[in-house]
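A closer look at the structure
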Amino acid sequence: MTDHLTIVTHPLVQHKLSLMRAKDTPTPAFRQLLREISLLLAYEITRELPMTTRPIDTPLCPMDAPVLAGRKLALVSILRAGNGLLDGMLDLLPEARVGFVGLYRDPETLRPVQYYCKLPEDLGERVTIVVDPMLATGNSSAAAIDLLKAAGARDIRFMCLLAAPEGVARMHEAHADVLIVTAALDDHLNDHGYIVPGLGDAGDRMYGTK
Ligand code: URA
């Protein structure tokens, strides 16, 4: 763990991640596991949210009870695989506003090409959590965060399931202010830009498209 990278080593996260990595894990189980892990990662990425207190009455007495300080949240999913993390996050943070950024990787250059962008209007007033299961080259994630900053976002965090060292380095170089929370830092990228050992193509495994 460094200042800008948190690896969630909790046994439940690691166990579920191993089930997801296994190539014989079927699509419905893969999706369910991703949803469950997203709750556990969300717990970590929201750890530093500012708190305040509010006077309430319990059945026994009045108390000043801790509550979130009201800094509003935005979740931004990088399509399409980000949606697998988004669903669980929304269970936990139902009031969050949601944005979508559509980027695909050019298979030749591995560079991101934008095809969709729809963001909440007041990003500057929100803590923005970007979700994408795989931080591979980091090019798409860095490009998505460029868009968010151009739209006014200031306090940005990035949540993924797996990260490659190359992706972490790229993100740090482009956006050193962005905290990354991941379940694992894998070994390397292969020649096709896949994370090794990884889990394959997250979108395909989530939606059964291959
Ligand atoms: N995207 C994926 O879905 N898997 C990888 O290993 C890398 C990028």
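What comes next is a walk through the structure. (Residues numbered from 1 in each chain as written. Predicted model: local features only at pLDDT ≥ 70, side-chain atom pairs only at ≥ 80, totals over all residues. Heavy atoms only, no water.)

Structural notes on the environment of Tyr116
The condition is simple: Per the convention used, a helix needs a DSSP run of H or I reaching at least four residues, while a strand needs a run of E reaching at least two, with both numbered from the N terminus. Burial status follows relative accessibility: with a 1.4 Å probe on protein chains alone, a residue under 20% of its type maximum counts as buried, one over 50% as exposed, and anything between as partly exposed. In what follows, residue pairs with any heavy atoms lying within 4.5 Å of each other are defined as contacts.
Mapped onto the secondary structure, Tyr116 falls in strand S6 (residues 112-118). Taking relative accessible area as the criterion, Tyr116 reaches 37% and is therefore assigned partly exposed. C-alpha separation for the pair Tyr116 and Tyr104, spaced twelve residues apart in sequence, amounts to 9.9 Å. In contact with Tyr116, other than residues within four places in its own chain, are Leu79, Phe100, Val101 and Gly102.

Regarding the packing of helix H4 (residues 139-150) against helix H5 (residues 165-174)
Selection criterion: Note on method: axes are straight lines fitted to C-alpha atoms, helices fitted across the in-contact stretch only, with angles between N-to-C directions ranging 0 to 180 degrees. For classification purposes, an angle smaller than 35 degrees is called roughly parallel, one larger than 145 roughly antiparallel, one from 65 to 115 roughly perpendicular, and anything else oblique. Here a crossing is called left-handed whenever its near helix is offset anticlockwise from the far helix by less than a right angle, and right-handed whenever the offset is clockwise. Under the convention adopted here, Pro, Cys and the residues Ala, Val, Leu, Ile, Met, Phe, Trp and Tyr are nonpolar, Asp, Glu, Lys and Arg are charged, and Gly plus all remaining residues are polar.
Contact geometry of H4 with H5 gives a least axis separation of 8 Å together with a crossing angle of 25°. By the angle class used here, H4 and H5 are roughly parallel. Read as a crossing pair, H4 and H5 show a hand that is right-handed. Mapping the contact onto sequence places Asn139, Ser141, Ala142 and Ile145 in H4 and Arg170, Met171 and Ala174 in H5. For the contact of H4 with H5, the per-class residue count stands at four nonpolar, two polar and one charged.

As for the sheet that holds strand S10 (residues 162-163)
As a reminder of what qualifies: DSSP bridges decide pairing: two strands pair if at least two such bridges lie between them.
Spatial ordering of the open sheet is given by S8-S10-S12, a layout of three strands whose pairing is parallel. With one partner strand each, in any of the chains shown, strand S8 (134-135) and strand S12 (184-185) form the two edges of the open sheet. Where S10 and S12 come together, two bridges link them in parallel fashion. Looking at S12, one finds that Ala163 is bridged to Leu185.

Observations concerning the pattern of salt bridges
Spelled out, the test is: Salt bridge, as applied in this entry: a Lys or Arg side-chain nitrogen positioned within 4 Å of an Asp or Glu carboxyl oxygen.
A complete count under the given rule lists ten salt bridges for this structure. A salt bridge links Asp177 to Lys149, with the shortest nitrogen-to-oxygen separation between them at 2.8 Å. One end of the pair, Asp177, is in the loop between H5 and strand S11 (179-182); the other, Lys149, is in helix H4, with 28 residues separating them in the sequence. Under the relative-accessibility criterion, Asp177 is labelled partly exposed at 46%. As a salt-bridge pair, Asp155 and Arg157 come within 3.5 Å of each other at their nearest N and O atoms. Judged by relative accessible area, Arg157 falls into the buried class, the value being 10%. Three or more residues are tied together by salt bridges with common partners; here these are Arg80, Asp204 and Lys210.

Some words on the packing of aromatic side chains
Applicable threshold: Ring pairs are drawn from Phe, Tyr and Trp, using the six-membered ring of Trp, whenever the two centres fall within 6.5 Å, and their geometry is named by plane angle: stacked under 30 degrees, edge-to-face over 60, tilted for the rest.
Enumeration according to the criterion identifies one aromatic pair in this entry. Taking the centre distance of 6.3 Å and the plane angle of 35° together, the rings of Tyr104 and Tyr115 count as tilted. Here Tyr104 is found in strand S5 (residues 97-105), whereas its partner Tyr115 is found in strand S6, with eleven residues between them in sequence. Classification of Tyr104 as partly exposed rests on a relative accessible area of 43%. By relative accessible area, Tyr115 is classed as partly exposed at 48%.

Things to note about the site of the ligand
To be explicit about the condition: For each residue, the test is whether any non-hydrogen atom lies within 4 Å of the molecule or strand; if one does, the residue is near. The definition of a polar contact used here is a pair of N or O atoms within 3.5 Å, where within protein one atom must be able to donate a hydrogen and the other to accept one, and adjacent residues in sequence count solely through side-chain atom pairs. Note that accessible areas follow from Shrake-Rupley with a 1.4 Å probe, and for residues the cover is restricted to the protein chains shown.
Near the ligand you find Arg105, Met134, Ala136, Gly193, Tyr194, Ile195, Gly200, Asp201 and Ala202, and these make up its full shell. Ile195 places a polar main-chain atom, nitrogen or oxygen, 2.8 Å from an oxygen atom of the ligand. If the ligand stood free it would expose 230 Å²; the protein chains cover 88% of that surface.

Here we look at helix H2 (residues 27-45)
Let me state the cut-off plainly: To estimate the expected span of a helix, subtract one from its residue number and multiply by 1.5 Å.
The terminal C-alpha atoms of H2 lie 26 Å apart, and with 19 residues this matches the ideal 27 Å at 1.5 Å per residue to within 8%. Inspection of H2 places Phe30, Leu33, Leu34, Ile37, Ser38, Leu41, Ala42, Glu44 and Ile45 among the buried residues, and these make up the whole buried set.

Remarks on the side chain of Asp186
Take Asp186: it is sitting in the loop between S12 and strand S13 (188-189). Within the structure, Asp186 has its side chain in polar contact with the backbone nitrogen of Gly198 (distance 2.8 Å). Once residues within four sequence positions are removed from consideration, Asp186 is found in contact with Arg21, Leu162, Ala163, Pro165, Ile195, Val196, Pro197 and Gly198.

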